[in-house]
Amino acid sequence: MSIDELDRLVEKLDLERKVRLLTGATVWSTHAEPGIGLRAMVASDGPVGVRGEGWDERSPSLTLPSTTALAATWDEELVGLLGGLLAAEARRKGVHVLLAPTLNLHRSPLGGRHFECYSEDPLLTGRIGAACIRGIQAGGVAATAKHYVANDSETERLTLDARVDEQTLRELYLAPFEAAVEAGVWAVMSAYNGVNGTTMSESPLLADPLKAAWGFDGVVVSDWGGVRSTGPAARAAQDLAMPGPQGPWGEALVAAVRAGEVPEAAIDDKVRRLLRLASRVGSLDLGLPSDGPATFPDPAERADHGPARALLRRAVAASTVLLRNEDALLPLDPSRLHRVAVLGPNAATVRIQGGGSAGVYPMSVVSPLDGIRDALSGTAEVVHSPGAHLDDRPTPLSTDNARNPLTGEPGVLVRLLDATGVEVHAEHRLTGRILEPARIDSAATVEIRALLSPEVDGPWDLAVAGWGRVLLEADGRVLVDEEVERDTDDPATVHLSPPYRRARLTMTAGRDVELVSRRRLDPGSGIASILAADPPRRGDEVELAAAVELARTCDAVIVVVGTTEEIESEGVDRAHLNLPGRQNELVHAVAAANPATVVVVNSGGPVVLPWREEVPAVLLSWFPGQEAGHGLADVLFGRTEPGGRLPTTWADRALVSTVPEDGMLAYAEGLDIGYRAWLRQPSPPAYWFGHGLGYTSWSYESLSVPGDAVLDGPFSVRVRLRNTGGRAGREVVQVYLSRPETGVARPARWLAGHALADAGPGEVVDVTVDIPARAFHHWSAGHHAWRAEEGAFTVLAGRSVADLPLSGTTLLGTRAPTQP
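Before going into details, it helps to say that this report is about the structure given with it. Worth saying up front: this structure is predicted, and the values here are computed from it rather than measured. (Residues numbered from 1 in each chain as written. Predicted model: local features only at pLDDT ≥ 70, side-chain atom pairs only at ≥ 80, totals over all residues. Heavy atoms only, no water.)

### Describing the nonpolar core
- Counting residues in each nonpolar core, the largest one holds 105 residues, and the members touching the most others are Y148 and V149.
- Beyond its immediate stretch of four places on either side in the chain, Y148 contacts L174, F177, V188, M189, S190, A191, M200, L205, L206, P209, L210 and W214. (Core = buried A, V, L, I, M, F, W, Y, C linked by side-chain atoms within 4.5 Å. Buried < 20%, exposed > 50% of the residue type's maximum accessible area, 1.4 Å probe, protein only. Contact = heavy atoms within 4.5 Å.)

Here you go:
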């Protein structure tokens, strides 16, 4: 829409109606304004799926691999297709604005939300994030670049003040958001934290560079609850305060405008941006063709998800990183296998996503055990044992072990009771984890009731979770009755992860027990309620011995290890990088029992692998989404190559802390995060940024570099490589720059571009890698502008930041480049 058209609509609204539009109507939607043809817009969390307006397991979502896994593909075309899948899911669920992608960096591997961010490198983050944005918005759904800016860790995330020097802020942390704006992103989310003394919803960085220098013409939406003031936030370039309908704007903002504290022109600009967004997503009806779909299909409509599942399966294989493959153990040949052991706590219960607000209820889940059994059906026997226990949260009841006592259906009965205990609402649900029961004004208590059918005798662990007074009963016997005081303001904890209270009860297999949990709905305590049950488990030594014995009797062993929701989740950073429980002991023992051992690491971010030299093959599967098992089996048995390359360095320790001191988190490392920092260390990390093996081998034969390049123009280099192996494959060709003689602060080496190469056995391929002009530039704090040093830059090409067999030199000058 033109500015004139938007201005005419704004002029039709009085001050009260304009201000009303700037705060959400509900938790997930904006206000409608029928007088100007404006319909409400619905927002939903991403980025691994589209949850919709609420947490309801009866409305499942197609679930992608984690964001870091998508970056591990280094494949913008594939990520664009996955963005299109997210748009289709958004339209199916009636969502107009998807709160993704997350463009914060992997500043430290201790970051608890690591899995939701792409990479430690700003260029790779920007390119993959831009591809996702283009894919989403091509479907008429708004993407939201978040969390602007320097929201790179979770400890004190609501209040910390990130202290970042100007050059570092521009070259690292703002760079992916600049790429998002260049890709045409329609929304940007301001972060909870502050930067250099100002909370982001009031920050001058929203005005410049975001809107002024970069020309962003979309909406700046707050993180939920991130607007904490009336005047300062409204005078800043913050446009929309979520959630609603309460908030610090409303009548207070109307009064501030009338008192001259906030210019009405600022309000008009915010409304204008909101209307432009509405036009783009099809929520503004002017009787003219809109910039997006006019209507969305019925959210209950079910499409054929077969093609989508095939794409998700492809993405799992494309993101899987082969870290080690001694003696070419992988791929395994199914025709030579008679018995295969699939071990590890994550083999049958895989983590497909991280914890927190980005979570979705998956359409279905294929575990590694399921996928391997499917792949070897009719060929080999597949046996399983967990081998180790994880110190994890209780397991909510499910349709596998619970029935609604009223109807007998698999699942649970959820009732809302008023203050006198009278039922005001009842519904059948499919899980004991009820994050959002129906909203009834008179409800004072949430009750979950279920018949548990124990499959084994012995002491079962039962649990209830919630804030306020919580109660747990079994067959009328009170097991827990306790007041749980809220001890945090973090919304991820309050609304998604209330604390558990536990009890133990001896049960008999086959004899139903009626479980009842209740929690009082206190103001400000959220509404989440959870009823959980876990069967008795074998002792650690017995569990380990059983797995090792299975390993001895098999032709090959696949051990799946990983993290837990306590370790990798929104709202909490990691204290260390170790795998939980006795998983390392399990791998050591299994590797000693069977030399044909493959370890699959199911984590969102780096973990220490103390056994990595003891096993011949190590695969990194990240949080792989719902098609985890099928995609993994495709890689294990050679149906496809492992296509992933590390988007972040894997090391045995973190080089920077995520813990603020006196509320301030100093980014004292400057430009040196991730591989840039490790290049300055005396010893290398376990696996370098960009590392990843395939099922063929490559020879890098030549690099053609322009003799000179213009200061403000991009150029290209050409890399020739040969597939020297016996099967077709794909290589990620990476190009880095260095400036040995420099007068400014620079990393020792930095990523400048990459491209994908496909070739059959023995084939030679020439790959062109485009290098943007910005790759040569540095931010000058003295000039508050980008500058370039003339002179020699070294160009390096290869397969990782530490494996660069080809090099050349280009002279940065003012003449037009001579192309190779």
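Having put the structure on the table, let's press on.
### Describing the packing of aromatic side chains
- Going through the model one piece at a time under the given rule, you end up with 13 aromatic pairs.
- Considering the side-chain rings of W74 and F689, the 5.4 Å spacing of their centres and the 55 degrees angle between planes classify their relative orientation as tilted. Linking W74 in the loop between α3 (67-73) and α4 (76-92) with F689 in the loop between α19 (675-678) and β27 (698-704), this pair joins segments that are 615 residues apart in sequence.
- On the basis of relative accessible area, W74 is assigned to the buried category, the value being 1%.
- Put simply, the rings of W74, Y675, F689 and Y736 touch in pairs and so form one group of aromatic residues.
- Over the ring of W779 we find R170; its NZ or CZ atom is 4.0 Å from the centre of that ring. (Phe/Tyr/Trp six-rings, centres within 6.5 Å; stacked < 30°, edge-to-face > 60°. Helix = DSSP H or I, 4+ residues; strand = E, 2+ residues; numbered from the N terminus. Lys NZ or Arg CZ within 6 Å of the ring centre and 35° of its normal.)

### So, the side chain of H114
- Secondary-structure assignment places H114 in the loop between β2 (97-99) and α5 (122-137).
- The residues contacting H114, other than those within four sequence positions of it, are T68, H106, S108, P109, G604, G605, P606 and T648.

### Notes on the pairing of strand β18 (residues 468-474)
- Among the 7 residues in β18, 6 count as buried, and that is most of the element.
- Relative to strand β19 (residues 477-484), β18 runs antiparallel, the two sharing 7 bridges. Bridging across to β19, G468 finds its partner in V484.
- In sequence, β18 turns back onto β19 through a hairpin of 2 residues, with D475 there showing a positive phi of about 50 degrees. (Pairing = 2+ DSSP bridges.)

### A closer look at the pattern of salt bridges
- Tallied over the full model, the rule gives 65 salt bridges.
- One salt bridge in this structure joins E427 and R58, with 3.5 Å as the shortest N-O distance. Of the two residues, E427 sits in strand β14 (residues 423-429) while R58 sits in the loop between β1 (43-45) and α3, which places them 369 residues apart along the sequence.
- By relative accessible area, R58 is classed as partly exposed at 35%.
- Across the pair E789 and R739 runs a salt bridge whose closest N-O atoms are separated by 3.2 Å. (Salt bridge = Lys/Arg side-chain N within 4 Å of Asp/Glu carboxyl O.)

### Quick notes on the sheet that holds strand β29 (residues 715-723)
- Pairing is antiparallel in the open sheet, where 3 strands are placed in the order β27-β29-β32. Edge positions in the sheet fall to β27 and β32 (764-771), since each has one partner strand and no second. Going across the sheet, the axis of each strand differs from the next one's by a mean of 25 degrees, ignoring polarity.
- One ladder, built from 6 bridges, connects β27 with β29; its direction is antiparallel. Across the sheet, the residue bridging to W698 is N723, located in β29. (Axes fitted to C-alpha atoms, helices over the stretch in contact; angles between N-to-C directions.)

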